[in-house]
Each structure stands twice: as C-alpha cells, then as structure tokens.
There are 2 protein chains.
Amino acid sequence: MSRKTGGFTMPGEAGFEDLTLELAKRWGADVIRDSDGTELSDDILNAGYGIYSTICIIRDHNEFAKAHPETVQQTFLMSEPVMAESDSAVIELLKGYYLGQFRLNDSPESMAWWQVFDRTANEEIPADRWAYSDGKVTVIGTVPYHQYTVNFLCYRIWEEISMYNHVTNDWGDKEHLIPIDPRYPVCREYMADWMRRWCAEHPHTTVVRFTSLFYNFVWIWGADERHRNEYTDWASYDFTVSVKALEDFREEYGYAITSEDFVNKGQLHTTHMPADRVKRDWMDFINRFVVEVGKELIDIVHEAGKKAYVFYDDSWVGLEPNGKRFPEFGFDGLIKCVFSGFEVRLCSMAEVETHEIRLHPYLFPVGLGGLPTFAEGGDPERDARQYWLHVRRGLLRAPIQRIGLGGYVHLTRGFDSFVDCIEELSDEFRDFGEMHALGKPYTFKPRVAVLHYWGRLRSWTLSGHFHETYMNDLIHINEALSGLPFDVDFLSFDDVKQGKLAEYDVVINAGRALSAWSGGDAWADPELVAVLTKWCAEGGAFIGVDEPSAVPGFGDYFRMAPVLGVDEDTGARVTHGRWAFEPVTAETAADEELADALRRGLVPAGATVKARACRFLTDGTAAVLAAAKVLSSEVPAECTSGEIAAAAGVTDDTPAVPALTVKSFGRGKGIYLGGFSYSPANVRMLQNLILFAAGEKVDQAYTTVNPVTECTFFPEAGRIVVINNTAEPQETAVRTPDGETGVALKPYGTSFIEV
Amino acid sequence: MSRKTGGFTMPGEAGFEDLTLELAKRWGADVIRDSDGTELSDDILNAGYGIYSTICIIRDHNEFAKAHPETVQQTFLMSEPVMAESDSAVIELLKGYYLGQFRLNDSPESMAWWQVFDRTANEEIPADRWAYSDGKVTVIGTVPYHQYTVNFLCYRIWEEISMYNHVTNDWGDKEHLIPIDPRYPVCREYMADWMRRWCAEHPHTTVVRFTSLFYNFVWIWGADERHRNEYTDWASYDFTVSVKALEDFREEYGYAITSEDFVNKGQLHTTHMPADRVKRDWMDFINRFVVEVGKELIDIVHEAGKKAYVFYDDSWVGLEPNGKRFPEFGFDGLIKCVFSGFEVRLCSMAEVETHEIRLHPYLFPVGLGGLPTFAEGGDPERDARQYWLHVRRGLLRAPIQRIGLGGYVHLTRGFDSFVDCIEELSDEFRDFGEMHALGKPYTFKPRVAVLHYWGRLRSWTLSGHFHETYMNDLIHINEALSGLPFDVDFLSFDDVKQGKLAEYDVVINAGRALSAWSGGDAWADPELVAVLTKWCAEGGAFIGVDEPSAVPGFGDYFRMAPVLGVDEDTGARVTHGRWAFEPVTAETAADEELADALRRGLVPAGATVKARACRFLTDGTAAVLAAAKVLSSEVPAECTSGEIAAAAGVTDDTPAVPALTVKSFGRGKGIYLGGFSYSPANVRMLQNLILFAAGEKVDQAYTTVNPVTECTFFPEAGRIVVINNTAEPQETAVRTPDGETGVALKPYGTSFIEV
C-alpha cells in the first residue's frame, strides 16, 4: 500500500471493478477516469473517488453535421503539380489525397478563395485563364514544361484522431466522425446546448476533461499507403480555415488573407520555421476566437458545479497554454501526457490551479513504435523507470499537482513489479510535491533565456514530443535545462529589442539556419544584433549551437560571430584560409579562468559535442575545447581529449572544424557548440558551460561530484534529493557548504539527504 | 634503354652533366630544360638536345620597379572588422595582413576608390564621415556595436610565388622580387625590350617557357603564422587590379567598378561561386589585355626564331587556355603539371600545336604534404605508378605530344627502379601517342555535357588540383569522365538556353547548392528550367549529384525535381511526410529496363554512393537503388545491397534518405546521386549510369568484365589497351563483337590486344 494518498488519477475499467479499486488503493489514487471507448460502472462511480470524464466537443455530432454541412471543418490544400506539355493543362484537385479525409468545397463562396499558380515561374494565373468543373481545373495559356497547381478549399469529413484510431485499429464499418466548426453560429449554439445537456446527464462527473477544444493540429493524409502521412504539424493553424473565418478575418483586419498565405508554394508554414506577419495575424485571430467560444463551454461546466480540465493534445490549436490569453479560458486544470522533463516544465508553467501529467507507459499491450509493453516480451517496469528518469528531473524543478495513468487496468495482471514500481514512484511524486509546497528549490545564480522566433508561446517544446523532434538540438537543450537548477525563460527577438535581456545572464540560441529556433530573418535586423552584442560586451554570455543567429546577406553568416569567434562557410568562403588551432586542455589553456574551469571539470568525462562541417574560427581568438576533421558529416567528438577526432572520408588535408569553443568578449563571453545531444554527461556539461559563461565556479555547493548524478536542494524542506540518471548503480557525493556528503544510488535511484 | 625516343623533356643539372645525358638516353629524351635556380652548362647545351628556358616576365626587375613604383602590382583588401563602442571608430588598415606582401597605396588617385562600410547594417558610410591618416581610417557617427570595415588599395610588394619559395626554403636576406604590371605603358615597353634582349642573350634556347604571364592567382597572406593563408583562389582576378586598370575599365565600359565589387563583404568572389555581371565584365576586360600584351611578347620570341610555350600555373590569370581568345596569343605549346586524368584532358583541349604534361613525382627530396620521395623512406617508383594510374586514363582518351619531369637528376641515384619505371612509362606514353596519331579511340554513343556556371571556360578543372578541390563531388566526376569512352563537353546555362542540348544525350549537374558547380541563381530562370525539362521529356537524361539545380524561392528546391523525383528539404518541409521505399534490386525492380540493367551490372560490386541528409522522394515514382538512414551526416551506402545503411546517431524513427535513384521522365530519365567519390568501381558505376541513362546496354562491346579494369579501343591502330586501375593484379576480359578476350594484368599494369 502506498504510504500516502492523493494526486493520482487512474483509469477505471468496466468489468474489472475490483481490480480498479484495488490498484487505486495500492497507488494512492483519489480520482478515476474513463478512457476512450470505456464507460465507468456504478461500482466505480459510487466508490467515493473523484470522476474525470472525457469529452471531445467537435466530434460525435454527425446528425448535426449532416443537417448543417457548411459547418463541417475545412482546410486549404494544394493540388499535386501538373506539368504542362502544351498550351493547356488539366489539374485533378484531390489527386493524391486520402479521400476518406477530404471532400472538395466547390461552392461559389469557397471558389472565390482559390488560386492557380505557375510554380516554375512563381506567378499567379489570373482567373480568366482557368476554369473549374467536376473536381478538375483547366488552365489555358500554359507554358510547356512549367508546373501548375491549384490552391483550393475542401471539407475535412473525418475527424483526424478518430480517423487514425479507426484505421489503425481496423474499426471497419463504424461511422466516420465528422468534425464541426463553431465558427458558424449555428454550430456554436449547438455546442453550448450539447454541453449543458451533457453536464445534466453526468452527475457523477467531478471534472470534465476537454480533448481539447476545436481545431486539430495539421494532419494531412495521402491516398497512397507509402505516403499516408503527407504532412503533420503539431502546432500550425491550417485546420482553422473556413469560408466564414476567411471572411471574418478580412472584415476585422482590413485585408484579405489568401490561400497562398497558407499553402506557401506547397510547403505550408511549419512551426519549425519563422512565421510572417500574416500568419501571426491569423493565429491571433483564431486564438481570440477559441478563447471566446471555449470560455462559453467552460462557464457551462462551472455552472454545473464541475471543474474543467483540458488535455493538452489533439484539437489544441488556438489554446496554447503559454499564449497570452490562456488564463481567460478559466480552465481549472491542464493535463499533459509526458515522456520527457521538458513536458513537465511546459505543463507546470501554465496558469491553472491543477497541473497533471499522464505518465508512460500507458496500460496498452504495445507502446510507441509497436514494441510490447503489457504483453509477452514487455518489461513495463523498466519502461516506467526509464521515462521516470526524464520526468523526475522536471518534477524536481517545478511543481506538478497530479500524476496519472491511462489505458486498461486488466493488462497489469502478471506484471507485479510494474504495480510495485508505480506505488514507489507515486509516493516519490507526492514527496516532491510536499517539498515544493514548502518552498522553491535552490537555483544557481545565472538566469537563462532561450532565444527563438516564438519566444514564450513555444516555451520548452518545439512542436510535439521528444521522439518527434529529436533531430533538433534545441529539444535536447530544453530537455537538459528542464532538470537543471536554473531559472529559465523563453524569449522572442522582440523581447530582446524591448530590453528584456537585463533580466538574464546567459542567452542560448540553437538551431538550423533559417529555422524558427535559430531565428532566420530576425537576424537581418541590425538593431537586434547590436542590442545582443552590447549586452554581451557588458557581461552577458551568448551560447550558440549549430547555426545560431545565421542569416544570409551579410559578411558574417552567424550575426553573433564577433561574440562567438566562430562562423560558418556556406560556400562563399571555401577558398579562405582557416586559423590553425589545437584543442586546449587545462594544461595548455592560455586563459587562467578557463584553465581553472577545465581543472574543476568544465567538460565532464563522457561528454561529447557534435562537430558540424564548414565551421571556422573568425579571428583565432576563441579557445577550441573540442574539434574534429569532418566533411559534410557530423561526428561525436570527444571533448577536451586534446586530439582531433576524424570522420570517415577525410584526408590529411581536411582541416579540423571547431566543435566547442569559448571566447571572452568585452566583459562577457561567447560559447559555441556544433551540436548538443541529451545524455547525462552532456547535461552536466551544459550546466557547467552556463555557470562558466556567467563567471561562476562549476564545482560549487549543491552540485554532485559524479556528473551522471544530480541533486536538488529544497532549503525550506531541509532536504537534498539526489538522483541517478542512469540504469547502473552510481556512487556520488553532494558538495555542500559544510563539505561533501557521499551517496550510493541504485539504478534509476532517488535518495534523500536531510540537512 | 628506351625502345623509342622523343616527346620527353628532362631537367638538366649543372655539375651532373654525365648523369643528365645518361638518363636522357635511358628515357628517350629529346629536350632538356633548366629548373628554377639552375643554369645549364655548355656540355648539355651542346649535346644536340632541344633546350627549354624558363622565364617569369613580371619578376626579377626590382631596379625598374623601384624607379617606377606606380607600376608595382596592386590589389584591393578589406580591413579587419572593427566594432564601434562609441560614436567613432579607428580602423588600422593593414592589421592582420602580412606586411612582407602588402604596402598601402594611399595616393589620392588610389583613395578615390576606397569605401567604408557598416557591415552590421550593410550600409556604405559616406565619404564625409571618414578620414584617412597614417595607415588608419577614422569613422565618425558610428552606431555602437556595429562593425566597420574599409576597402582599400595596396601594392603587392613581393611576387607571391617567389615569396612562398623564399619563406618555405628560408632564403634569408635574398632580395624580395617585386611584381610589375604591364597595365602601365612604361612597364609594357620595358617588358618588350627585356624580352628582345633576353632572346638575343640565349641563342641555345629553342623554346621559351613562360611561367606564365602577368597576374598571379589570388593568394593573400596573414600576419599570424596560424593564419598565414588568408585566401587562395587559383582562378580569380583580384590581383589584376590597379588604379590605371580601374580607370581604363570605367572609360571602356561606361560604368565604374567599385572596390566592393571585389571585396564583396570580405568574402571576395571565389571561383567556386557564380560570378555576377560586373565580375564577368572585368574578367573580359583583363583577358583582352593579357592576350594583347602577351601576344607582343610571343611575337618577339617568334621573331627570334624560338618557340613560345606557356606553363599553365602561377601567373596564369587572364590567359585561360579554354578562354575564347587563347588562340590569339600564338603560343606553340602548353605545359601542365598533372596529378590527375582531368588535367591531361584540360591540357589536351587547348588549341596549341604541342601539349606537354609534367609528371609527378618531381625529382625533389620530398613530395606533396612533406612525405619523402627521393630520400630515405621514399618510394618514387610507387609514387610514379600511382600518379600514372590516373594520368594514363586521360592519355588514352586524348592526345598529348610530350611528357617531362622536373627537379634535380642527381636525386635519382640509388632509386634504380624509378629510373626503370620512367623508361617503361615513357615508352608506353609514346605507344599511346602513335595510336592517337592513327585515329581517335572508340567512344560509346552517349554524348555527355557537364553543366555549370562557367561552362567551357572551366572545362575539366574546378580551380586547382584534385587534392585542393577533392571536397567537391564534381572534381571526382570530372576525374572519372577523363578516362571514360565518352565525348564530354562543359556547358554553361547560356549554352543550354541557346539550344546546345541538341548535341548531347546526357547532362550532369553536380555540386553544393548556390555554388558555381550547381549553378545558383541561374536556376531561378524558368526558361532554363523549361528548356532542360523539355529536353529530358523528349529523351535526354539528367544526372544530378548532391544539390543539382538548387535555388531557394520556389516550391521545388531542386528545380529539376520533377525529372529527378528527388528534392531536398532545407527546413521548410521537416514536418512533411516522406514516401516509404525499399531499395530495389534486379529481382524487385518493377521496371524491366532497370531490372535488365541491374542484372547486367548497372551498379558494380564495390561501388558506393554518398547518402546526404534531408533528401526525399517527391512523388514516389523514382526507383531507389541505394539509401541510408542519416541525420546531417554523409555515410557511404553500399549500393543495391537491398538494405538501408545507417549512420551514427540515428534512431528507428529516422527515415532513410534516397542516395541513388533512377526515374523515367517522358522519353528521358532523371538520375540522382547523393554524392560521387572517385574510385575504380565508382568510375564504372558512372559509365554504366550514363549508358543506362541514354538507353544503352551497360555490358556492350569494348567494356571489360572486371569493373576495376578498363579498356580503350583504337580502331585505326587495331589495338585495344587494357589497364588495371588498382595496385593489385587483376584478371579481366574485354567484350568484343567477336566474344570475350581474357587478360591478366599486373598491379598498375597495361596490356595491348591486337585486333
């Protein structure tokens, strides 16, 4: 039996009432929830637990949708390009798209928004040169061997999440659920009525869990099974479009947004790229609407004496928890399914009373990627501990009120060690919560800002889970930061220009050139460059990763190259000579501050950085800590080895590229990393680089001597929590003002020191 | 003793007259040359050999240079960027440059061409906001934390080749040779007089070897030994600048070229990038001048009854052998030092009577990269055979009249196997020459065009030797093509628009995006795209490598994506789904033509391609022959293995990228390779891909069955030459219309079959 009770939501399962209630006791649950496709039985509803009920407001209203077909949700699509071979071309609009998902909206009011383009010449075709009929557009006056496309509106006739579940689980004849759009007043009124009725019909429900509100993330399916996933963006706004929304926008903003503003040459506007003003206007327009209509529904729930939580997934577009209007909804809680520490932080920062995280593994036979979980060959305890390794780091830094599981409890039978493990972890979670309730954990002095295009709106996450975005260095950095003892905020470039840097000591900018994470065109602004450079000269530290501050068109490709002492050759500098260098060590460093930091373990054993090709020293003043010979490859380069790593295919003539450098700039510093990957040793390296950047010692009090362990000091609780970030046992010691305290940790283990 | 005599130039060495003459007999030499720093003695001059004498017309005239300081050669430089910290900044112009090489030209007529820039804002500073004094420019009204630079003119006071030899060989107090510029009439007259006098004083000389003419390739040295090589471009025009040239240009072209046209934000204009109109105008302007003045000197040599050869190196800028005006010089011969097959082809295509190649290794104690040659630990025979492996392929395809060696003959003592080897190779060379004299070697049907920005002007070479440009895939392709039985030309984009494609069957475009080799902005032109696409649809084949036809701003990044079926994601498409694929084999290929080609060995054993990240199938119609899972790495992917190679750091979620694909497009084909590296097996792969692209069988007559061997059929000579491209013995057979003829080849071996 759990030592404590509360803060735990478990899935109930009809037919397994006894097991549900037994596990609820074991895990200290206080709330039972339904799952998709389950109904809770009276035995459970009457057992004295809080009851969460899940609703998805936009689907399961097919009768309404058929009666009001104009309210079915829509999107713009671009036809497959057709190459003209003569002076006309016929374009079949929906060719290549999954017809289960889309139906043309060829009403006159829809067609007013269509556009046709010569994509070879980048020119729009005037309306008198194309005509629509029967699913096809015929373009006349075409140039042979140019490609033509049509942007058109269509209805989305199958709500994407249910479509995915239906297809994946082979639900056969089950009716396709149609998503409806509250942009149309008749639908908005219908939803409110439905919500009132639902509340009346569910007296046991204490919490209505919205999944989520109105607009799904963009998920476009192709006809061909080899290309079923045409496009997925977890945070973009394409599915918020409708004729009425387009008209409302034009009226409100005084200009017409166009289909091409969405279609963007067929590229669409992924969240990983900077937006433009039109997209920002549209996002604001939609966000205002979602808040307004969402609040109506939440008010109804409140009037029924229930709480309203929102599950942060699926139809979440327009309700961003870090958006400026989120508090206006009046949600009582936010539920986030988490694999990673950064998702804990994301959940924790939302302005709601209750933050709840859904742990993995779910109680399903198979997990992510199809490997067995609660099935033969599965090891759900190991899975749970591995996820906990990441989640725990976030939980130690930021308060979360509730945890929970999802799925089917009967699957836990035969997996006793999993049941024990959840009992242990849920108690550990409640211990963390009690400490947070007494006071904030100790943080080091440097205040850290992560700088990117989206700023606060996309704090912690990029767009989706870690395994969906692992190819971006920034998600590795966010994951590392999620458990580090620093205060961290996410700033936009406007924030920098508006003077926000005064509140920070270290700025991190990390990403591929032109991406939203690096920043793209924002860096063309000399004011931004000068403000950040001045801040560095006056003592700030800029940590740049991959292609920080990169934008073409200037002498420097990295606009912060003067601070970093490192830049990248995009091809124009291939015949420029390179500064010769040797990687420095504590013994060879010319700078005593750096030598001291290296002696104190600045770059811990086992840490690695990525060397990326074409990087070079601009003026030879940056100290290189790691380097590799590399063509257009990335190779892990062992840090501070004093040797130069070599990738496949290089020759003696291949110059080494700097992979990790530090440079003094005025009273501040510039630090460059070719790339950053999450690993326990690399997390410590990042902590140390931040401390060093801000002029702090890397081996100060409340650090551990073993870099793959970490500690969190709760001054008000008088406790230090020491964690093992590996699957092996670890010996470590915590540095305190009174000396070191040794700790032995089990694999994945947590230990508490009273102080 | 050599079987034959002639076509061989050997270096004479004073003090070793007997050895010189003995080796001349052994190697069948007919000409003896002097080397830098040697004078031929009477014993040699009177031995009945032709005599080559080396002159470098721009140096060794220090008395004249001091009397006419305005004629010293010049260049533009950009000062190191200076970051303003207040409202003024002081810029020390020559800071960071090697003062042995440069002296400011701060005359009023020079300063009229200077420019000052705010590089952070990309703005020129008007002349009333800066002032020059004593080597420094002071800028006022600066914006704090912006960077400022000055473009200025300076004299180049040390001829770069002698500077390099002087510094490398530690020549101490020896006077620095000053380069002079015939742009100034007084210098032009002086050179003509000097040339006349020299001819009169050298009666034994039969050939005057120019090294080369007036303007060195760009070679800018830095002050710091860690950055001695600031910039080297083997083909650019920066060192042709002078006040008079700038003034003459303005008068002739009606507009002023500016310092910034050369400095280009500090990037300069490397040959590896496309030029702009201004650079093309300047190149034309200089080329006309070099031809005009060069012809004067050559006429003087001819009037003296001597021949004039030019050594294609060093001060060769403006005399490009593939430039349209080269024949106007009237040179009798072109001498090219060669490491590679492509250099043989480059030499061979020049319109002169005599083409001569200088073989490696030179008779020096150490070779390239400092490894011993004619010294303890050296193996000059192995070196000679390895270079011959590459050079021989070019010699079999294109006629060369002469070969030769350089250096000091006394060093050959103790290296008898080298002396024997040269005897063997020189006879082999003469055999090849005799066969060429009888008629052209047999070529396969497909006519190949390599398409890039420079077209014919930069045929075969990019800019420098293989080991200087190996990081460009195109030099690997050129090297492969140099020995393949195809007619090959180099076309510019203008050539394509002017209808030249009608003469070709296969077009190759290979290079990094925006480079001169890929083409950059040329691809923004829809006319170019449509002409090439139409040509493919009507039966042409486009082979694209790395980032072919890439230019930003359109829906497709590769403008030939519709033909290739492959494109690259530069970041905007990271959330687009990818077409699933499996690499096809002869067994799984859906297309019978492809299956047949695979069965016949389309991709030979041991061939590899590079997989480059972010490539994707556009519409799923291209057949993937090789693929790899790769992040931003390149890994060699084994072709047609039917498996997907994996790079370090990838996960199960990492999609594989196509590395080698073929696609039918209309009546033509598109073939994509992620990258191409020279190797014997890859050479055969390229041959096969070209044959397949043009609808030819890959195992036709006059191919060898062993892909690391090759053959050349000389129909008029009635001989087939079979070569072994490896250092190991090889068994092979030549396919002929009468069946296969087996051949056993020694390491590096050559064999002749009479037919």
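Bear in mind the structure is a predicted one, so any value in this text is a computation, not a measurement.

### Description of the overall build of chain A
Of regular secondary structure, chain A possesses 20 helices and 36 strands. A compact globule built from 755 residues should have a C-alpha radius of gyration of about 27 Å, and chain A, at 28 Å, falls within 12% of that. Across its three principal axes, chain A shows a C-alpha extent of roughly 80 × 70 × 50 Å. For chain A, the residues scored as buried account for 65% of the 755 residues in total. Contacts spanning at least 24 positions in sequence make up 72% of the contacts within chain A whose residues lie at least 6 apart. Counting only carbon and sulfur atoms, one obtains 50% of the accessible surface of chain A, whose full area is about 26,500 Å². When the 70 basic and 112 acidic side-chain charges of chain A are each reduced to a single mean position, those positions are 4 Å apart.

### Some points on the interface of chain B and chain A
On the chain A side, the residues contacting the 63 residues of chain B number 63 residues. Summed over both sides, the interface between chain B and chain A buries roughly 5,400 Å², with carbon and sulfur atoms accounting for 53% of that surface. Interface area lost by chain B to chain A is led by Tyr 145, Arg 226 and Thr 575 of chain B, which between them contribute 13%. The interface formed by chain B and chain A holds zero salt bridges in total.

### Quick word on the confidence of the model for chain A
Residues and elements named next belong to chain A. Confidence in the prediction for chain A averages 94 pLDDT; 96% of positions are at 70 or higher. A low-confidence stretch, residues 633–641 stays under pLDDT 50, and its non-local contacts, those more than four residues away or across chains, total 41 contacts. For this predicted complex, the interface confidence score (ipTM) comes to 0.94, while the overall pTM stands at 0.96.

### What about helix H9 (residues 277–303) of chain B?
Taking 1.5 Å of rise per residue, 27 residues should cover 39 Å, and H9 of chain B covers 39 Å from first to last C-alpha, within 8% of that figure. After H9 of chain B finishes, the residue Gly 305 of chain B shows a positive phi value of roughly 80 degrees.

### Considering the pattern of salt bridges
Summed over the entire model, instances satisfying the criterion amount to 105 salt bridges over all chains. The partner of Arg 402 of chain B in a salt bridge is Asp 30 of chain B, and the shortest N-O contact between them spans 2.7 Å. Within this pair, whereas Arg 402 of chain B is found in strand E19 (residues 402–404), its partner Asp 30 of chain B is found in the loop between helix H1 (17–27) and strand E2 (31–33), the two being separated by 372 residues in sequence. Between Asp 487 of chain B and Lys 440 of chain B there is a salt bridge, and its shortest N-O distance comes to 3.0 Å. Residue Asp 487 of chain B is found in strand E21 (residues 487–491), and its partner Lys 440 of chain B is found in the loop between helix H13 (416–438) and strand E20 (447–451); the two are separated by 47 residues along the sequence. Classification of Asp 487 of chain B by relative accessible area gives partly exposed; the value is 35%. Connected via shared salt-bridge partners are Arg 3, Lys 4, Asp 427, Arg 430, Asp 431 and Glu 434 of chain A.

### Remarks on the pairing of strand E32 (residues 709–714) of chain B
Residue and element names in this part refer to chain B. Among the six residues in E32, six count as buried, and that is most of the element. Residues Thr 709, Cys 711 and Phe 713 line one face of E32 and the alternating positions Glu 710, Thr 712 and Phe 714 line the opposite face, and both faces are buried. Counted between consecutive antiparallel strands, the loop separating E32 from strand E33 (residues 719–724) contains four residues, among which Gly 718 sits at a positive phi close to 65 degrees.

### Examining the sheet that holds E32 of chain B
Residues and elements named next belong to chain B. Pairing within the open sheet is antiparallel, and its three strands lie in the order E32-E33-E36. Of all strands in the sheet, those bounded by a partner on one side alone are E32 and strand E36 (750–754). When strand polarity is set aside, the average angle formed by the axes of neighbouring strands in this sheet is 20 degrees. Here six bridges tie E32 to E33, and the two strands are oriented antiparallel to one another. Counterpart to Thr 709 in the pairing with E33 is Asn 724. Contacts from helix H12 (residues 380–397) reach E32, E33 and E36, with the element oriented near 160 degrees to E33.

### A short note on the relation of the copies chain B and chain A
Of the two same-sequence chains, chain B is brought onto chain A (RMSD 0.0 Å, axial shift 0.0 Å) by a rotation of 180 degrees. Both chain copies can therefore be described as sitting about a two-fold axis. The overlap is high: 100% of the interface residues of chain B also sit at the interface in chain A, so the same surface is used on both sides.

### Points about the sheet that holds strand E32 (residues 709–714) of chain A
Residues and elements named next belong to chain A. On the basis of which strands lie adjacent, the open sheet formed by three strands has the order E32-E33-E36 and antiparallel pairing. Of all the strands in the sheet, the pair left with one neighbour each is E32 and strand E36 (750–754). On average, each strand axis in the sheet is inclined to that of its neighbour by 20 degrees, with strand direction left out of account. In this fold helix H13 (residues 416–438) packs onto E32, strand E33 (719–724) and E36, with an angle of close to 35 degrees to the strand it touches most, E36.

What counts and what doesn't
Starting from 1, residues in each chain are numbered consecutively following that chain's sequence as written. Both sets of labels track the order of writing: A upward for chains, 1 upward for ligands. Owing to the predicted nature of the model, reporting of local features is limited to residues with pLDDT of at least 70; listing and counting of side-chain atom pairs is limited to 80 or more, with chain, interface and lining totals taken over all residues. Side-chain metrics rest on all non-hydrogen atoms present in the structure, leaving aside hydrogens and water. Put simply, DSSP H or I for four residues or longer makes a helix, DSSP E for two residues or longer makes a strand, and each gets a number counted from the N terminus. Each radius of gyration is computed over the set of C-alpha atoms, and the globule rule expresses the reference value as 2.2 Å times the number of residues to the power 0.38. Whether a residue is buried, partly exposed or exposed follows from its accessible area with a 1.4 Å probe, protein chains only, as a fraction of its type maximum: under 20%, in between, or over 50%, in that order. By the convention used here, residues are in contact when the closest approach between their heavy atoms is within 4.5 Å. The protein chains shown are the only cover counted for residues, whose accessible areas, like all others here, come from Shrake-Rupley with a 1.4 Å probe. Under the convention used here, Asp and Glu are negative, Lys and Arg are positive, and both His and the chain ends fall outside the count. Here the site of a charge means atom NZ of a Lys, CZ of an Arg, CG of an Asp or CD of a Glu. Buried area, as used here, totals the accessible surface that two parts lose on assembly, with accessibility defined by a 1.4 Å probe and the loss added over both. Should a side-chain nitrogen of Lys or Arg be within 4 Å of a carboxyl oxygen of Asp or Glu, the pair is scored as a salt bridge. pLDDT expresses, on a scale from 0 to 100, how confident the predictor is about each individual residue. Take the residue count of a helix, subtract one, and multiply by 1.5 Å to get its expected span. Strands were regarded as paired on the criterion that DSSP finds at least two bridges between them. Only the stretch in contact is used when fitting a helix axis, every axis being a line fitted to C-alpha atoms; angles between N-to-C directions are given from 0 to 180 degrees. Superposition of the copies was done by least squares, using only C-alpha atoms of residues whose pLDDT is at least 70 in both.

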